[in-house]
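# Remarks on the overall topology
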Amino acid sequence: MLNHPIVVVSFLIGLIILLLVTGGVEKMLRVIGNLSIKLIIGVLLLFFINIFGVQFGIHIPINFPTAIVSAILGIPGIAALLVINNFIL
């Protein structure tokens, strides 16, 4: 899905708009760096929840959408993923 021309062009347009709004390359790189650090921390939290949650029957799949939710929302996002996984799915 990520290799469709429409997705690539819209991603590049969004990146250009983000660059224009933020006002500089260094600020954009700082935002991308912060998001990537949060993404790594979110994936690690999901990993540890999956390791320790085996005893309680908890498993959250680690994929791009769950990693983004845990990176942006943090602990409340992981709690929401647990609720969605247990009660809706």
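All figures in this text were calculated on a predicted structure; none of them were measured in a lab. (Residues numbered from 1 in each chain as written. Predicted model: local features only at pLDDT ≥ 70, side-chain atom pairs only at ≥ 80, totals over all residues. Heavy atoms only, no water.)

### Thoughts on the environment of Leu82
Secondary-structure assignment places Leu82 in helix α4 (residues 75–88). Excluding its chain neighbours within four sequence positions, the residues that come into contact with Leu82 are Ile58 and Ile60. (Helix = DSSP H or I, 4+ residues; strand = E, 2+ residues; numbered from the N terminus. Contact = heavy atoms within 4.5 Å.)

### Side note on helix α2 (residues 25–52)
In a regular helix each residue adds 1.5 Å, so 28 residues correspond to 40 Å; α2 covers 40 Å between its end C-alpha atoms and thus fits that length. Burial in α2 covers these residues: Met28, Gly42, Leu46 and Asn50. Structurally, α2 contributes buried residues whose contacts are with α1 (5–22), α3 (64–73) and α4. (Expected span 1.5 Å × (residues − 1). Buried < 20%, exposed > 50% of the residue type's maximum accessible area, 1.4 Å probe, protein only.)

### Quick look at the UniProt feature "transmembrane region" (unreviewed entry) in the protein
According to UniProt, the "transmembrane region" (unreviewed entry) feature falls on residues 6–25, 37–58 and 64–88. End C-alpha atoms of residues 6–25 are separated by 24 Å, and the span's content is 90% helix alongside 0% strand. Helix makes up 73% of residues 37–58 and strand 0%. Its end C-alpha atoms lie 25 Å apart. (UniProt positions renumbered as here; feature names shortened; annotations may be inferred.)

### Concerning the side chain of Asn50
Summarising the element assignment, Asn50 is placed in helix α2. Polar side-chain contacts of Asn50 include one of 2.7 Å to the backbone oxygen of Ile60. Not counting the four nearest positions on each side in its chain, Asn50 is found in contact with Ile58, His59, Ile60 and Ile62. (Polar contact = N/O pair within 3.5 Å; in protein donor to acceptor, adjacent residues only side chain to side chain.)

### Here we look at the packing of α1 against α2
Look at α1 against α2: their axes get within 8 Å of each other, and the N-to-C directions meet at 115 degrees. Classified by chirality, the crossing of α2 by α1 is right-handed. Across the interface between the two elements, Leu15, Leu18, Leu19 and Thr22 from α1 touch Val25, Lys27 and Met28 from α2. Among the residues making up the contact of α1 with α2, the classes are represented as 5 nonpolar, 1 polar and 1 charged. (Axes fitted to C-alpha atoms, helices over the stretch in contact; angles between N-to-C directions. Left-handed = near helix turned anticlockwise from the far one by under 90°. Nonpolar A, V, L, I, M, F, W, Y, C, P; charged D, E, K, R; others polar.)

### Brief notes about the packing of aromatic side chains
Two aromatic rings are characterised by how far apart their centres lie and by the angle between their planes. Counted under the stated rule, the structure contains 2 aromatic pairs. An angle of 20 degrees between the planes, with centres 6.4 Å apart, marks the rings of Phe48 and Phe52 as stacked. Here Phe52 and Phe48 lie together in helix α2, a separation of 4 residues that amounts to about one turn. You can call Phe48 partly exposed: its relative accessible area is 41%. An aromatic cluster is built from Phe47, Phe48 and Phe52, whose rings are joined through pairwise contacts. (Phe/Tyr/Trp six-rings, centres within 6.5 Å; stacked < 30°, edge-to-face > 60°.)

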